[in-house]
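Breakdown of the fold
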Amino acid sequence: MTITQRNLDGYGAPPIDWARVDAVLDSQLTQAPGSGGPQRHTLWLTTINPDGGPHVTPVAMVRCGGSWYFTSGPATRKSRNLARDGRCVVSVATDPFDLVVEGAAKRVTDANELASVARAFVAWDWPVEVAGDALTGPYSAPSAGPAPWHVYRVDPSTVLALGTSEPLGATKFQLS
């Protein structure tokens, strides 16, 4: 993967180092109170509505094999939007910086990848299992709709990091 960066800071701060950003992206961002900044990590997924407007919703994501994954019921707005147009944005506030990840969400149907993601969610205390080309379990977030849940992998193309602690800064990373 090639990563190019551009310093967006207009106040003399150095570019944010990609290794710091990648370490946060590679961590498991929980939604537990007090686990992140401000006070917890809420990952916000933005998809594109049929009229071109944004649809924003919180999602739980799990890190697996270097990628972020989330689930969604087939009848939810986010699933319907992604079936039509996979472009999306994920944003999250963390202690070192706020992150905006632009890219595409692709539905996962490969049995091995689904099994890996299910194991990652189980390790995160969500008891799910693979059922055909989706996941199922005893419960989920109300916004996910009823089981089964489709699994989506976020493939980033751009990451914006906006410093929230010293040395602050703002950097845009292009991934190709």
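Attention here is on the structure that accompanies the text. (Residues numbered from 1 in each chain as written. Predicted model: local features only at pLDDT ≥ 70, side-chain atom pairs only at ≥ 80, totals over all residues. Heavy atoms only, no water.)

Comments concerning the pattern of salt bridges
This model, assessed by the stated rule, comprises six salt bridges. Among the ionic pairs, Arg153 bridges to Glu113, the shortest N-O distance being 2.7 Å. Placement of the pair is Arg153 in strand S10 (residues 150-163) and Glu113 in helix H3 (residues 111-123), with a sequence separation of 40 residues. A salt bridge links Asp155 to Arg153; the nearest nitrogen and oxygen atoms lie 3.0 Å apart. Counted as one network, the salt bridges with shared partners bring together Lys106, Glu113, Arg153 and Asp155. (Salt bridge = Lys/Arg side-chain N within 4 Å of Asp/Glu carboxyl O. Helix = DSSP H or I, 4+ residues; strand = E, 2+ residues; numbered from the N terminus.)

Here we look at the packing of aromatic side chains
When we look at a pair of aromatic rings, we describe it by the centre distance and by the angle of the planes. The full count for this structure, using the stated rule, is five aromatic pairs. When the centroid spacing of 5.2 Å and the interplanar angle of 15° are considered together, the rings of Phe70 and Tyr152 count as stacked. Here Tyr152 lies in strand S10 and Phe70 lies in strand S5 (residues 67-72), a separation of 82 residues in the sequence. An angle of 90° between the planes, with centres 4.9 Å apart, marks the rings of Phe121 and Trp126 as edge-to-face. We note that Phe121, like Trp126, is buried. Put simply, the rings of Phe121, Trp124, Trp126 and Trp149 touch in pairs and so form one group of aromatic residues. (Phe/Tyr/Trp six-rings, centres within 6.5 Å; stacked < 30°, edge-to-face > 60°. Buried < 20%, exposed > 50% of the residue type's maximum accessible area, 1.4 Å probe, protein only.)

Here's the deal with unusual backbone geometry
Across the junction of Ala147 and Pro148, the peptide omega takes the value 5°, indicating a cis bond. Its location among the elements puts Pro148 in the loop between strand S9 (134-136) and S10. The omega angle of the peptide bond from Glu166 to Pro167 is 15°, so this bond is cis rather than trans. Its location among the elements puts Pro167 in the loop between S10 and strand S11 (170-175). Positioned with a positive phi, Asp125 is a non-glycine residue whose angle comes to about 75°. By the element assignment, Asp125 lies in the loop between H3 and strand S8 (129-131). Asp125 sits in the exposed class, given a relative accessible area of 65%. Here the phi dihedral of Leu168 falls at roughly 60°; this positive angle occurs in a residue that is not glycine. As for its position among the elements, Leu168 is in the loop between S10 and S11.

Notes on helix H1 (residues 18-25)
Along H1, the residues that are buried comprise Trp18, Val21, Val24 and Leu25. End-on, the buried residues of H1 take up no more than an arc of 125°, which puts them together on one face. In this structure, the buried side of H1 is in contact with strand S1 (3-7), strand S4 (62-64), S5, strand S7 (97-108), S10 and S11. (Arc of directions from axis to C-beta. Contact = heavy atoms within 4.5 Å.)

So, the environment of Asn49
Topologically, Asn49 is positioned in the loop between strand S2 (43-48) and strand S3 (54-59). Considering only alpha carbons, one finds Asn49 and Asp85, 36 residues apart in sequence, at a separation of 8.9 Å. Apart from residues lying up to four places away in sequence, Asn49 is in contact with Pro54, His55, Arg77, Asn81 and Arg84. A distance of 3.2 Å separates the side chain of Asn49 from the backbone oxygen of Pro54, its partner in a polar contact. (Polar contact = N/O pair within 3.5 Å; in protein donor to acceptor, adjacent residues only side chain to side chain.)

Brief notes about the pairing of strand S6 (residues 87-93)
Note: S2 against S6, three bridges, orientation antiparallel. Looking at the pairing, Leu45 lines up with Val90 of S6. Between the antiparallel neighbours S6 and S7 lie three residues. (Pairing = 2+ DSSP bridges.)

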